[in-house]
Amino acid sequence: MGLQSWIVYRTVHQSDSIHVYAGRPRKEARCPDCGQLTRCVYDRTREWKRKLHTWCNEKPVYLWVRPRRFQCSACRKVFTERFPGIRPWARRTERAEALLLQRLKAGSFRRAAQESGTSASTLRRLLFRCVGQQINLEEALRDVDAFVLSIDEHSYRGRDMMVTVTCVWPKRRLLAILPDDRMKTLERFLRQLPDTVRRRIRAVCIDLKDAWRHAVKRALPGAVIVADPFHVIQDANRRVDEARLVEQQVTGVRLRRWPLLKNEDDLTERQAAQLAAIRKHHKNVAHFHWVKEQLRDVYRASNRDEAAAILDRVIFETQSASDAALMQWGRTLRRWREAILAYHTWRVSNGYTEGVHTKIKLLKRISYGFRNREIYVRKMLLAFMPLAWLTSHPQLLT
Ligand SMILES: [Zn+2]
């Protein structure tokens, strides 16, 4: 029960709870004022104080303590002894708090409160005290010399977005959730990182958002920007599909979606025939499709030089295109050229961050939504904290 260093006087089992009367074995205490060790007991506080300590077969275990008062032999000050693992005035021991956070980590406030016999508001207060708006990055990244960030956004409520920052290499970890998706907030977050952390950021993986690229460049001039490969391909598919819809409207001919969007090597025979027909009769859509397949080759290339040759040809071809949307795509690819090719150096994506978003969605569903942004951010950070942090290093949480 985590009472190895205590003397247990008496244990009382009741039907719904267990009560342990205990105290510290040593007849000495350190003066909080001058630090002198003293053995002079002045008196005992009159009442036993009850502290929630742990659970045993779902029954709460209460620790009853009756602190002694000592008189310092140096400065004569009278002080009350402190117990290990109990903050002064707290109604729960640190062990109980870690266990409560552990319950809250996996479930909703309501469920964790029910299971532990506390109230949701107690858990909210505990969460606020123990989990900050962001985790201690220096501590989380203590053992890595260099790392890569991934930045992406997710929905807090409807179209109200929040920004997720994770480490994706060499280890994967959620680092922060920014309370909104304004560029200023992101830039401030990156600028305010401790110098020791900023210096170690080698690359940052983001979606094809120019505003983000500028913000990251300004805040972290030394970091390489990597375009998320999934997003580049997703963006390509979206553009191909738009071109398909425009062509349909102009020509009045129905064009199938899948022959264009599926990877060319995965097409069925029938789809391959449909694609061949599109190539023959709808040159513009075929051109979009060609760019998309070339981009896939950029990622399949065996090295950066090979990828650069493919990408440069695509950029060159699209520049002389007659279609305005295709030219615009080419310009986007030109602006993101370095970031797209950087994939071959760093081999990172926003895949882990997407996984974090999936888990966040699940937690939102079991919690029936969050009305308060600050609680939301803390609750989500808690969900991704390693269990060891909760039990062995409560100081890391603040
Ligand atoms: Zn003293």
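Residues numbered from 1 in each chain as written. Predicted model: local features only at pLDDT ≥ 70, side-chain atom pairs only at ≥ 80, totals over all residues. Heavy atoms only, no water.

Trainee: Explain the packing of helix H10 (residues 269-281) against helix H11 (residues 283-300) here, please?
Mentor: Packed helices, taken two at a time, are described by the angle between their axes plus the distance between the axes. As a packed pair, H10 and H11 sit with axes 6 Å apart at the nearest point and diverge in direction by 120 degrees. Relative to H11, the element H10 is oriented oblique. Crossing of H10 over H11 shows left-handed handedness. Residues Leu275, Ile278, Arg279, Lys280 and His281 of H10 touch H11, and the partners they reach there are Lys283, Val285, Ala286 and His289. (Axes fitted to C-alpha atoms, helices over the stretch in contact; angles between N-to-C directions. Helix = DSSP H or I, 4+ residues; strand = E, 2+ residues; numbered from the N terminus. Parallel < 35°, antiparallel > 145°, perpendicular 65-115°, else oblique. Left-handed = near helix turned anticlockwise from the far one by under 90°. Contact = heavy atoms within 4.5 Å.)

Trainee: Where do I start with the coordination of the zinc ion in this structure?
Mentor: Geometry reference: four tetrahedral donors at a metal, ideal angle 109.5 degrees. Six octahedral donors, ideal angles 90 or 180 degrees. Around the zinc ion, the donor atoms from the protein are Cys31 (SG), Cys34 (SG), Cys72 (SG) and Cys75 (SG), and they sit 2.3 to 2.4 Å away. Within one chain, the residues serving as donors to the zinc ion are arranged as C-x2-C-x37-C-x2-C. Here Cys72 falls in the buried class, since its relative accessible area comes to 0%. (Donors = N, O, S within 2.8 Å, 3.2 Å for Na, K, Ca; no water. Buried < 20%, exposed > 50% of the residue type's maximum accessible area, 1.4 Å probe, protein only.)

Trainee: Help me understand empty space enclosed by the protein in this model?
Mentor: To locate leftover empty space, one rolls a probe as large as a water molecule over the atoms. This model, assessed by the stated rule, comprises 1 cavity of 30 Å³ or more. In this model, the largest cavity occupies a volume close to 50 Å³. If you go around the largest cavity, the residues you meet are Ile135, Arg173, Leu174, Leu381, Phe384, Met385, Pro386 and Trp389. Split by residue class, the lining of the largest cavity holds 7 nonpolar, no polar and 1 charged. (1 Å grid on protein atoms, 1.4 Å probe; cavity = no way out; pocket = protein on both sides within 12 Å on 5 of 7 lines; lining within 4 Å. Points joined across faces, edges and corners; volume = space filled by probe spheres on them. Nonpolar A, V, L, I, M, F, W, Y, C, P; charged D, E, K, R; others polar.)

Trainee: I'm lost on the packing of aromatic side chains in this one. Help?
Mentor: Here a ring pair, both rings aromatic, is described through the centre-centre distance and the interplanar angle of the planes. Counted under the stated rule, the structure contains 10 aromatic pairs. A ring pair is formed by Tyr21 and Trp64, whose centres lie 5.6 Å apart and whose planes are at 15 degrees; its orientation type is stacked. On the criterion of sequence distance, the pair formed by Tyr21 in strand E2 (residues 18-23) and Trp64 in strand E7 (residues 59-65) is long-range, its members being 43 residues apart. A relative accessible area of 15% means that Tyr21 is categorised as buried. Owing to a relative accessible area of 19%, Trp64 belongs among the buried residues under this scheme. Where Tyr299 meets Tyr343, the ring centres are 5.2 Å apart and the plane angle is 80 degrees; that geometry is what we call edge-to-face. (Phe/Tyr/Trp six-rings, centres within 6.5 Å; stacked < 30°, edge-to-face > 60°.)

Trainee: Mind showing me how you'd approach the pattern of salt bridges here?
Mentor: Two side chains with opposite charge may pair up if their charged atoms get near one another. Per the stated rule, a full pass over the model turns up 37 salt bridges. Of the charged contacts in the structure, one is a salt bridge between Arg191 and Glu187, with a shortest N-O distance of 2.9 Å. One end of the pair, Arg191, and the other, Glu187, are both in helix H5 (residues 183-191), 4 residues apart, so they sit about a helical turn from each other. For Arg191, a relative accessible area of 44% puts it in the partly exposed group. The residue Arg218 makes a salt bridge to Glu187 at a minimum N-O spacing of 2.8 Å. Residue Arg218 is located in helix H7 (residues 210-219), and its partner Glu187 is located in helix H5; the two are separated by 31 residues in the primary sequence. (Salt bridge = Lys/Arg side-chain N within 4 Å of Asp/Glu carboxyl O.)

Trainee: It is not clear to me how the environment of Cys56 should be interpreted in this structure. Could you clarify?
Mentor: For Cys56, the location among the structural elements is in strand E6 (residues 49-56). The exposure class of Cys56 is partly exposed, given its relative accessible area of 29%. When the C-alpha atoms of Cys56 and Leu362 are compared, they prove to be 29 Å apart, with 306 residues separating the residues in sequence. Ignoring anything within four residues of it in the chain, the contact list for Cys56 reads Ile18 and Val61.

Trainee: Explain the packing of helix H16 (residues 351-367) against helix H17 (residues 373-383) here, please?
Mentor: Orientation of H16 relative to H17, taken along the N-to-C sense of each, is 120 degrees, at an axis distance of 11 Å. Here H16 lies oblique to H17, going by the angle between them. In the crossing of H16 with H17, the sense of the turn from one axis to the other is right-handed. Note on element contacts: H17 touches H16 through Tyr376, Lys379, Met380 and Ala383, opposite Lys359, Ile360, Leu363 and Lys364.

Nothing here speaks to function; it is all geometry.
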